Amino acid sequence: MRNLPPKMTTNAPGRAGSLLLALLAVGGPALGSGRPPKTGSAEPGMRTYSPPDHPPPEPAATPELMQMGERVYKGACLGCHGEKGDGEGREGKYLPIPPRNFTVGQFTLRTTPSGSLPRGTDLFRTIRRGIRPDIDMASFTFLSDREVWAVIAYVRTFSPRWKEEKPGEPVVIAEPPPQTRPMVEAGRKVFMDTGCFACHGEQGRGDGPAAAALTYDSGLPVKPANLTRPDWFKGGPTATDVYRTFITGMDGTPMPSFADSLSEEQRWQLVYFVLSLGKPETSAQK
Ligand code: HEC
Ligand code: HEC
């Protein structure tokens with residue numbers, strides 16, 4: 001895993017850089033050309049997936065919007081996600097974490113149940129905020145809201161799932177109960193009994209006994225999250241975010257959904273235990 005801060009010295013356009021600059025930079029041979037700045041992902045408080053969060057309403061998929069989407073995709077996404085949306089872009093092939101293959105129609109960052117399509121607002125957040133500071137999927141702060149919706153419409157053309165199915169309904173998450181010490185302690189037991197430790201390790205460092213052999217559905221290797229770094233959680237670091245992550249699961253990865261196997265009480269115990277792993281003493285270590 002690379003160290004923070006992520007490469008801030010790329011030849012990417014500055015924050016005020018326009019899509020035009022990104023378009024011009026695409027096609028350059030160097031890894032990272034055309035990569036937008038990662039400013040958005042560094043702003044504390046930006047990364048939660050929880051409300052308040054109100055992406056602007058999705059515009060109708062007019063031919064004009066689709067054309068805009070294609071233009072944005074070719075300028076800002078194709079280098080990694082590939083012309084066919086299969087994740088085999090020229091740069092994408094060499095990234096330590098593979099870009100999503102959009103032809104499969106599976107997404108990890110959703111408010112919707114395991115196996116269902118994400119909502120447009122889920123995709124909007126992912127593209128607007130980026131995924132994690134060390135991952136090359138940047139936060140596309142230089143795209144207008146309309147450009148983000150346009151590229152989402154274009155991304156949906158890669159998989160037939162989007163014609164056949166509707167996105168799932170967001171999972172309902174209650175207000176988090178107050179955190180108590182006994183809850184954290186009970187959470188450790190849930191963590192062990194449910195088998196979280198097998199992948200994430202007893203200390204949550206991502207080094208459990210099963211960790212080394214894990215792969216994406218595609219067969220490529222994947223690492224379990226280091227749970228001592230909640231600031232790096234792709235699905236967000238708040239109690240509600242962590243609850244959502246293990247209830248929805250991360251489709252296409254070995255991270256399962258625990259929607260059917262835990263009581264509401266156990267879920268919050270687990271949330272607070274997971275968050276206790278990221279205490280400052282431990283998170284400073286990696
Ligand atoms: C520099 C490479 C790169 C570029 C450019 C890039 N992505 Fe990604 N993208 C990635 C990687 C890597 C992942 C997988 C991250 C992971 O699995 O954590 C990803 C994942 C995604 C996901 C899946 C999130 C999920 O829920 O699973 C979406 C949607 C996405 N990208 C959209 C876009 C769009 C739209 C653009 C252009 C505006 C874009 N990406 C540009 C590298 C890139
Ligand atoms: C079979 C292995 C496996 C098991 C069991 C497992 N996980 Fe995971 N988990 C993963 C992998 C792999 C990822 C990373 C997926 C990715 O980043 O694409 C992950 C990611 C996560 C994340 C971080 C997601 C993010 O936002 O970046 C959390 C939190 C998490 N797991 C919690 C749990 C909890 C709690 C349990 C037990 C209830 C559990 N996991 C069980 C493999 C597993």
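Everything numeric in this text was worked out from a predicted model, so none of it was measured.

Structural notes on the overall build of the protein chain
When helices and strands are tallied, the protein chain shows twelve helices and zero strands. Reading the helices (α) and strands (β) of the protein chain from amino to carboxyl end gives α-α-α-α-α-α-α-α-α-α-α-α. Burial analysis of the protein chain (286 residues in total) assigns 40% to the buried set. The long-range share in the protein chain, meaning contacts at least 24 apart out of those at least 6 apart in sequence, stands at 66%.

Here we look at the site of ligand 1
In the vicinity of ligand 1 lie 27 residues, with C77, C80, L109, D136 and M137 positioned nearest. Of all elements in the fold, only helix 3 (63-76), helix 4 (78-81), helix 5 (120-129) and helix 6 (145-155) reach the threshold of two or more residues within the shell around ligand 1. Of the residues belonging to the shell around ligand 1, the class tally is 17 nonpolar, five polar and five charged.

Quick word on the environment of R128
Mapped onto the elements of the fold, R128 is located in helix 5. Taking the C-alpha atoms as reference points, R128 and A138, separated by ten residues in sequence, lie 8.5 Å from one another. Excluding residues within four positions of it along the chain, R128 makes contact with S139, F140 and V148.

Let's talk about the packing of helix 3 against helix 6
Packing of helix 3 against helix 6 leaves a shortest axis separation of 7 Å and a crossing angle of 90°. Classified by the angle their axes make, helix 3 and helix 6 are roughly perpendicular. Taking contact as the criterion, the partners of L65, M66, M68, G69, E70, V72 and Y73 in helix 3 are, on helix 6, E147, A150, V151, A153 and Y154. For the contact of helix 3 with helix 6, the residue count by class is nine nonpolar, one polar and two charged.

Some words on the site of ligand 2
Taken together, 26 residues surround ligand 2, and among them C196, C199, F233, G235 and M255 come closest. Contributing elements (two or more residues each) for the shell around ligand 2: helix 9 (196-200), helix 10 (239-248) and helix 11 (264-276). It is helix 9 that contributes the most residues to the shell around ligand 2, four residues altogether. The class makeup of the residues in the shell around ligand 2 is 18 nonpolar, seven polar and one charged.

Looking at the confidence of the model for the protein chain
Predicted confidence across the protein chain gives a mean pLDDT of 83, with 79% of residues reaching 70 or more. A low-confidence stretch, residues 1-46 stays under pLDDT 50, and its non-local contacts, those more than four residues away or across chains, total 71 contacts. Within the model, pLDDT remains below 50 along residues 281-286, and this stretch shows nine contacts once partners closer than five positions in the same chain are excluded.

Concerning helix 5
The element helix 5 is largely enclosed, with a buried count of seven among its ten residues. Taken together, the buried positions of helix 5 are occupied by D122, L123, F124, R125, T126, I127 and R129. Of the residues trailing helix 5, G130 is marked for its positive phi of about 80°.

Focus on the packing of helix 8 (residues 181-193) against helix 11
What describes two packed helices is the angle between their axes and the distance between those same axes. One can describe the packing of helix 8 onto helix 11 by two numbers: an axis separation of 7 Å at closest approach and a directional angle of 95°. By the criterion of interaxial angle, the relationship of helix 8 to helix 11 is roughly perpendicular. In this structure, helix 8 contributes M183, V184, A186, G187, R188, V190 and F191 to the contact, and helix 11 contributes Q266, W268, Q269, L270, Y272, F273 and S276. Across the contact of helix 8 with helix 11, the residue classes break down as nine nonpolar, four polar and one charged.

Quick notes on helix 6
One turn of the α-helix equals 3.6 residues, which is why residues spaced by three or four share an orientation. Counted residue by residue, helix 6 has nine buried out of eleven residues, so it is predominantly covered. Taken residue by residue, helix 6 has E147, V148, W149, A150, V151, I152, A153, Y154 and V155 as its buried positions.

Basis of the calculations
- Residues numbered from 1 in each chain as written.
- Chains lettered and ligands numbered in written order.
- Predicted model: local features only at pLDDT ≥ 70, side-chain atom pairs only at ≥ 80, totals over all residues.
- Helix = DSSP H or I, 4+ residues; strand = E, 2+ residues; numbered from the N terminus.
- Buried ≥ 20, exposed ≤ 12 C-beta atoms within 10 Å, placed from the backbone.
- Contact = placed C-beta atoms within 7 Å.
- Near = placed C-beta within 6 Å.
- Nonpolar A, V, L, I, M, F, W, Y, C, P; charged D, E, K, R; others polar.
- Axes fitted to C-alpha atoms, helices over the stretch in contact; angles between N-to-C directions.
- Parallel < 35°, antiparallel > 145°, perpendicular 65-115°, else oblique.
- pLDDT = per-residue confidence, 0-100.

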